[in-house]
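# Secondary and tertiary structure notes
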Amino acid sequence: LLALQELSCAGLFPKGPLFQALCDFRGIKPSGETNANTMAEEKDSRDDRNDLLDVRQKQQKVVLVRAPLSVVRLGDCPQFSSAELFRSLFEACGESLRVLEITNCKEISDVGGFCGVPGLCPNLETVNVSGCEGASDVFLRSLSENCGNLRKLVARRCTRLTDFGMRLLLQGCPRMRHLDLSGCSLITDKGLAYIGGLSLLETLVLFCCSSITDEGIRAALRSLNGRGLANLRTLDISWCFRVTASSV
C-alpha cells in the first residue's frame, strides 16, 4: 500500500479498522477499546486487506508491520482530532512519506498535532494544510528544521501564518518550488521579502493576501532580476486589493 486518500469521512477517526490497521499504536487503545475481538469477527474483510498489509495481533492490540506509505491525503475529516492517534499514524509512515495533504481538519492542534509530523516524516516533499486553523509558524519551524527537501507547500486560509514563518522557510527549505499562501492575511511585504530569497521558486500564489502592498510586489520583481526569484514562472496576486497598477 503506497497511498491513502480519505475525503469527507466524518466517522473515520479514531475508531475505524482502516486507521487501526495502518497505525502502530505502541500501547495506545483507540477510544478505550482493544479491537482484538472485533478484528477476529471481521475475518473476511481482514483477509482482503492482508494482500496489502501484514496485520497481526499482539497483546490484544492491532500492530502494523509498517506499510511504505508515500502519500497520505485526508480532507474534511472532523473526527481527526486526537493528537496521540495523529502522531501514531505518521509514526507508522515514517521516512517513506513524501506527500501529506490534510485539508480542512480544523480540530488538529499545532503543537500537539502538526508539529510532530516533520520529525517523524523528514522526507516530505509536498505538504498541503489548507483550511487547517491549527497550522501556525510553530509548524513552519518544524518543517524548516526537519524537511530540507520540501518542494511544495500549500497553506490556503492558514490565518495564523506570519512573516516570521516565511523567514523560517527561507532558512530551512531552500528547494521550495511552489508556495501557495492564499488568504493568509498576516503575510505582509516583509514576509514577501523573505520569500524573495527562495531562488528555486517557480510558483507563488498570494491570492487574497490583504496585507501585501505595492512595495512588496516591487521588491519581489526586483529580486526577479537579481539573485532572488530568478526561476519564477507564475505569480498570482488576484484580490490583493492594496496592490495597484503602479507596481506591475
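About the criteria used
- Residues numbered from 1 in each chain as written.
- Predicted model: local features only at pLDDT ≥ 70, side-chain atom pairs only at ≥ 80, totals over all residues.
- Heavy atoms only, no water.
- Helix = DSSP H or I, 4+ residues; strand = E, 2+ residues; numbered from the N terminus.
- Buried < 20%, exposed > 50% of the residue type's maximum accessible area, 1.4 Å probe, protein only.
- Contact = heavy atoms within 4.5 Å.
- Areas by Shrake-Rupley, 256 points an atom, 1.4 Å probe, with all protein chains shown as cover.
- Axes fitted to C-alpha atoms, helices over the stretch in contact; angles between N-to-C directions.
- Parallel < 35°, antiparallel > 145°, perpendicular 65-115°, else oblique.
- Nonpolar A, V, L, I, M, F, W, Y, C, P; charged D, E, K, R; others polar.
- Pairing = 2+ DSSP bridges.
- pLDDT = per-residue confidence, 0-100.
- Salt bridge = Lys/Arg side-chain N within 4 Å of Asp/Glu carboxyl O.

Helix and strand content of the protein chain: 9 helices and 10 strands. Expressed as a percentage of the 248 residues in the protein chain, the buried residues total 48%. The contacts of the protein chain with a sequence gap of at least 6 include a subset with a gap of at least 24, amounting to 77%. Looking at the protein chain as shown, the accessible area adds up to about 11600 Å², and 47% of this sits on carbon and sulfur atoms.

It is worth spelling out the packing of helix H6 (residues 137-146) against helix H7 (residues 163-172) at this point. Where H6 contacts H7, the axes come no closer than 8 Å and their chain directions differ by 5 degrees. When the axis of H6 is compared with that of H7, the two are roughly parallel. Facing H6, whose interface residues are Asp137, Leu140, Arg141 and Ser144, H7 presents Phe164, Gly165, Met166, Leu168, Leu169, Gln171 and Gly172. For the contact of H6 with H7, the residue count by class is 5 nonpolar, 4 polar and 2 charged.

By the secondary structure assignment, Asp76 is in the loop between strand S4 (71-75) and helix H4 (83-93). As a C-alpha pair, Asp76 and Cys105 span 29 residues in sequence and 5.6 Å in three-dimensional space.

Position of Thr103 among the secondary structure elements: in strand S5 (residues 99-103). Assessed through its relative accessible area of 17%, Thr103 is described here as buried. Once residues within four sequence positions are removed from consideration, Thr103 is found in contact with Leu74, Gly75, Asp76, Asn128, Ser130 and Cys132.

Counting through the fold element by element, Thr126 comes out in strand S6 (residues 126-128). For Thr126, the contacting residues outside a window of four places in its chain are Arg98, Val99, Leu100, Leu150 and Lys152.

Below, the discussion takes up the pairing of S4. On a regular strand, one side chain projects to one face of the sheet and the next to the other, so that they alternate. In terms of burial, S4 is a largely internal element, 4 of the 5 residues being buried. The pairing of S4 with S5 spans 5 bridges and is parallel. By the bridge assignment, Gly75 is partnered in S5 with Thr103.

Below, the discussion takes up the confidence of the model for the protein chain. In this model, the protein chain carries a mean pLDDT of 76, and residues with pLDDT of at least 70 account for 68%. Under a pLDDT of 50 for its full length, residues 10-15 has, in the predicted model, 18 contacts with residues more than four places off or in other chains. Within the model, the stretch residues 24-43 combines pLDDT values under 50 with 39 contacts to residues more than four positions away or in other chains.

Glancing now at the pattern of salt bridges. Taken as a whole and assessed by the stated rule, the structure comprises 3 salt bridges. For Glu101, the salt bridge identified is with Arg73, shortest N-O distance 3.3 Å. With Glu101 in strand S5 and Arg73 in strand S4, the pair connects residues that are 28 residues apart, well separated along the chain. The exposure class of Glu101 is partly exposed, given its relative accessible area of 22%. One salt bridge connects Asp180 with Arg156, and the closest N-O pair in it is separated by 2.7 Å. Of this pair, Asp180 sits in strand S8 (residues 178-180) while Arg156 sits in the loop between strand S7 (152-154) and H7, and the two are 24 residues apart along the sequence.

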